[in-house]
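# Geometric and topological summary
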Amino acid sequence: NAGVMQNPRHLVRRRGQEARLRCSPMKGHSHVYWYRQLPEEGLKFMVYLQKENIIDESGMPKERFSAEFPKEGPSILRIQQVVRGDSAAYFCASSPEVSAVTYNEQFFGPGTRLTVL
Amino acid sequence: QKEVEQDPGPLSVPEGAIVSLNCTYSNSAFQYFMWYRQYSRKGPELLMYTYSSGNKEDGRFTAQVDKSSKYISLFIRDSQPSDSATYLCALLGLDKLIFGTGTRLQVFP
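What this report covers is the structure whose coordinates are included nearby. (Residues numbered from 1 in each chain as written. Chains lettered and ligands numbered in written order. Predicted model: local features only at pLDDT ≥ 70, side-chain atom pairs only at ≥ 80, totals over all residues. Heavy atoms only, no water.)

## Some points on the overall build of chain B
Where we set the bar: Secondary structure is summarised from DSSP: a helix means a run of H or I of at least four residues, a strand means a run of E of at least two, and numbering begins at the N terminus for each. Only C-alpha atoms enter the radius of gyration, while the globule expectation follows 2.2 Å times N to the 0.38, with N the number of residues. Summary of the burial criterion: residues with accessible area below 20% of their type's maximum are buried, those above 50% are exposed, and those between are partly exposed, where the area comes from a 1.4 Å probe applied to protein chains only. Positive charge is attributed to Lys and Arg, negative charge to Asp and Glu, and no charge count is given to His or to the chain ends. For this purpose, a charge sits on NZ of Lys, CZ of Arg, CG of Asp or CD of Glu.
Within chain B, the regular secondary structure consists of zero helices and 11 strands. When the helices and strands of chain B are read in sequence order from the N terminus, they spell out β-β-β-β-β-β-β-β-β-β-β. Taking 109 residues into account, the globule formula puts the C-alpha radius of gyration at 13 Å, and chain B, at 13 Å, falls close to it. Considered along the principal axes of its C-alpha atoms, chain B spans approximately 40 × 25 × 20 Å. Buried residues in chain B amount to 46% of all 109 residues. The centroid of the 11 positive side-chain charges in chain B is displaced by 5 Å from the centroid of its 11 negative side-chain charges.

## Remarks on the packing of aromatic side chains
In plain terms, the rule: Only Phe, Tyr and Trp rings are paired, with Trp represented by its six-membered ring, and only when their centres lie within 6.5 Å; those with planes under 30 degrees apart are stacked, over 60 edge-to-face, the remainder tilted. Counting as a charge over the ring demands two things of the Lys NZ or Arg CZ atom: a distance within 6 Å of the ring centre and an angle within 35 degrees of the ring normal.
In this structure the tally under the stated criterion is 11 aromatic pairs over all chains. Look at Tyr32(B) and Tyr49(B): their rings are 6.2 Å apart centre to centre, the planes differ by 45°, and that puts the pair in the tilted class. Taken together, the residues span a long stretch of sequence, with Tyr32(B) in strand β4 (residues 32-38) and Tyr49(B) in strand β5 (residues 45-51) at a distance of 17 residues. Assessed through its relative accessible area of 11%, Tyr32(B) is described here as buried. Given the relative accessible area of 28%, Tyr49(B) is considered partly exposed. Through successive ring pairs, a cluster of aromatic residues spans Tyr35(A), Phe45(A), Phe108(A), Tyr36(B) and Phe99(B). Seen from the ring of Tyr49(B), Lys56(B) lies directly overhead, with NZ or CZ sitting 4.1 Å from the centre.

## Considerations on the layout of surface pockets
Stated formally: Cavities and pockets are defined on a 1 Å grid built over the protein atoms alone: a cavity is a set of grid points where a 1.4 Å probe fits but cannot escape, while a pocket is an open set with protein on both sides within 12 Å along at least five of seven lines, and lining residues are those with an atom within 4 Å of any such point. Grid points are joined across faces, edges and corners, and a volume is the space filled by probe spheres set on the points. Ten residues, namely Ala, Val, Leu, Ile, Met, Phe, Trp, Tyr, Cys and Pro, are considered nonpolar, four, namely Asp, Glu, Lys and Arg, are considered charged, and the remaining ones, Gly among them, are considered polar.
Computed from the structure, the largest pocket encloses a volume of approximately 680 Å³. As for the largest pocket, its lining consists of 29 residues, and the residues nearest its centre are Gln37(A), Glu40(A), Gln38(B), Thr86(B) and Arg104(B). Those elements that place two or more of their residues in the lining of the largest pocket are β9 (88-95) and β11 (112-116) of chain A together with β9 (85-92) and β11 (103-108) of chain B. For the lining of the largest pocket, a count of residues per class yields 11 nonpolar, 12 polar and six charged. Its boundaries defined by the atoms lining it, the second largest pocket holds a volume of some 250 Å³. Along the wall of the second largest pocket there are 13 residues; nearest its centre are Leu43(A), Lys44(A), Glu3(B), Ile98(B) and Phe99(B). Counting residues per element, the ones that place at least two in the lining of the second largest pocket are β5 (43-50) of chain A together with β10 (97-99) of chain B. Class assignment for the residues of the lining of the second largest pocket results in six nonpolar, three polar and four charged.

Interpretation in functional terms is not warranted from these geometric data alone.
In structure tokens:
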């Protein structure tokens, strides 16, 4: 059973370009989370998605950032018109379900390291 | 005030030492408390989780939660060079993890 897969592992963009980060959850997982890790900082929640639905985007910057998790295919985190401050490691996690009464582990992918020149 | 506070270290100890890693948090509503380990350039991996207050042991690792003082700890016994990594505490909100900044641990032979 393959783990959470993310690609590309490294992405270099110039200021103003678009960045697309992909995440394939573990088999059988229908919940995807995106986190961002800035240098010397902990991971910060960005967005939580289920298939075709955004459940919680409270951690997403209001502009330039968007996320989707279509019925078929991977989840995509899209950053338009990138700026140097977007340089970070972006991690995707997946879980089988979310419950208020039991704990469901979020399994993390290896991350995509975005560098904006 | 940050929701989770964690000393960033770095913490450098000799092989065989007992390591204590700690976090404090501000919201008493949290019920699940996690410790993740992150090796350089890798994704975080779950070490242990604890529900509510109490202790949990797994091999050389012990997690403690004191909800009355909003304090969580991870103890590593007989530390090994392979334990060298960044350790992140995390609290589980309804649908998201809230992480501390991580403590960088270096165990030297």
